[in-house]
Amino acid sequence: MEFFVSIIAIALMVIGAFGIIFLKKPLDKVIMFTILNAGFVLVVVLFKYLDVAMFAALADPLSTLVFILAIVKINEIRKKKLESGEIND
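First, a word on what this report is: a plain description of the structure on this page. All residue numbers here refer to positions counted from 1 along the written sequence of the relevant chain. pLDDT decides what is reported in this predicted model: residues at 70 or higher carry local features, side-chain atom pairs at 80 or more are listed and counted, and totals for whole chains, interfaces and linings draw on all residues regardless. Hydrogen atoms and water are omitted, and side-chain values are computed over all heavy atoms in the structure.

Helix and strand assignments follow DSSP, with helices taken as H or I runs no shorter than four residues and strands as E runs no shorter than two, numbered in order from the N terminus. Tracing the backbone shows D60 in helix 3 (residues 50–84). A 1.4 Å probe rolled over the protein chains alone gives each residue an accessible area, and that area as a share of the maximum for its type sets the label: buried under 20%, exposed over 50%, partly exposed in between. Positive charges are assigned to Lys and Arg, negative charges to Asp and Glu, while His and the chain termini are left out of the count. The term salt bridge refers to a side-chain nitrogen of Lys or Arg lying within 4 Å of a carboxyl oxygen of Asp or Glu. Among buried charged residues, D60 stands out as having no salt bridge; its nearest opposite-charge side chain is K29, 18 Å away.

Bringing helix 2 (residues 26–46) into the picture now. The span you would expect from a helix comes to 1.5 Å times its residue count less one. Look at helix 2: 30 Å from first C-alpha to last across 21 residues, which is about the 30 Å you get at 1.5 Å a residue. Here, two residues are considered to be in contact whenever any of their heavy atoms come within 4.5 Å of each other. Structurally, helix 2 contributes buried residues whose contacts are with helix 1 (2–22) and helix 3.

Residue position: N37 is located in helix 2. For N37, a relative accessible area of 9% corresponds to the buried category. Residues contacting N37, with those up to four places away along its chain left out, are D60 and S63.

If you check the backbone angles, K48 has positive phi at about 65° while not being a glycine. Examined against the element boundaries, K48 turns out to sit in the loop between helix 2 and helix 3. Of the residues examined, K48 reaches a relative accessible area of 62% and is grouped as exposed.

Quick look at the packing of helix 2 against helix 3 now. In contact at an axis separation of 9 Å, helix 2 and helix 3 are set at 175° when each is read in the N-to-C sense. Classified by the angle their axes make, helix 2 and helix 3 are roughly antiparallel. Between helix 2 and helix 3, the contacting residues are P26, L27, V30, F33, T34, N37, F40, V41, V44 and V45 on the first element and L50, V52, A53, A56, A57, D60, S63, T64, F67, I68 and I71 on the second. Charged means Asp, Glu, Lys or Arg here, nonpolar means Ala, Val, Leu, Ile, Met, Phe, Trp, Tyr, Cys or Pro, and polar covers whatever is left, Gly included. Each residue belonging to the contact of helix 2 with helix 3 can be placed in one class, and the counts come to 16 nonpolar, 4 polar and 1 charged. Note on method: axes are straight lines fitted to C-alpha atoms, helices fitted across the in-contact stretch only, with angles between N-to-C directions ranging 0 to 180 degrees. Oblique is the label for any angle not under 35 degrees, not over 145, and not in the 65 to 115 range, which are roughly parallel, roughly antiparallel and roughly perpendicular in turn.

Turning to the packing of aromatic side chains, a few remarks are in order. Stacked, tilted and edge-to-face are the three classes applied to pairs of Phe, Tyr and Trp rings, where Trp contributes its six-membered ring and a pair requires centres within 6.5 Å; stacked means planes under 30 degrees apart, edge-to-face means over 60, and tilted covers the rest. A full pass over the atoms with the stated rule returns 3 aromatic pairs. With a centroid separation of 5.8 Å and 65° between ring planes, the pair formed by F3 and F4 is classed as edge-to-face. With relative accessibility at 55%, the residue F3 sits in the exposed group. With relative accessibility at 54%, the residue F4 sits in the exposed group. Plain terms: the ring middles of F18 and F22 are 5.9 Å apart, the flat faces sit at 10° to each other, and that makes the pair stacked. Note that F18 and F22 are positioned in helix 1 at a spacing of 4 residues, about one turn of the helix.

See the structure below:
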């Protein structure tokens, strides 16, 4: 049973990593980052580092929130530059 769970965890991490690399939209990258984090937490639990897993499980939503706020801010800056005519980025 543990073997199948480890395969699922590794698959989640690989899918998340390739998604982050190959997808273009920032929100899709955040979704893939969350999938990668889920696989990472599962691997940490499989290795029985439960204190690290608890910290990672608490920090993952905060890091995702920071990424989403950064994406919103970058989009606002890009809109203002386009409206003001500053195309050189």
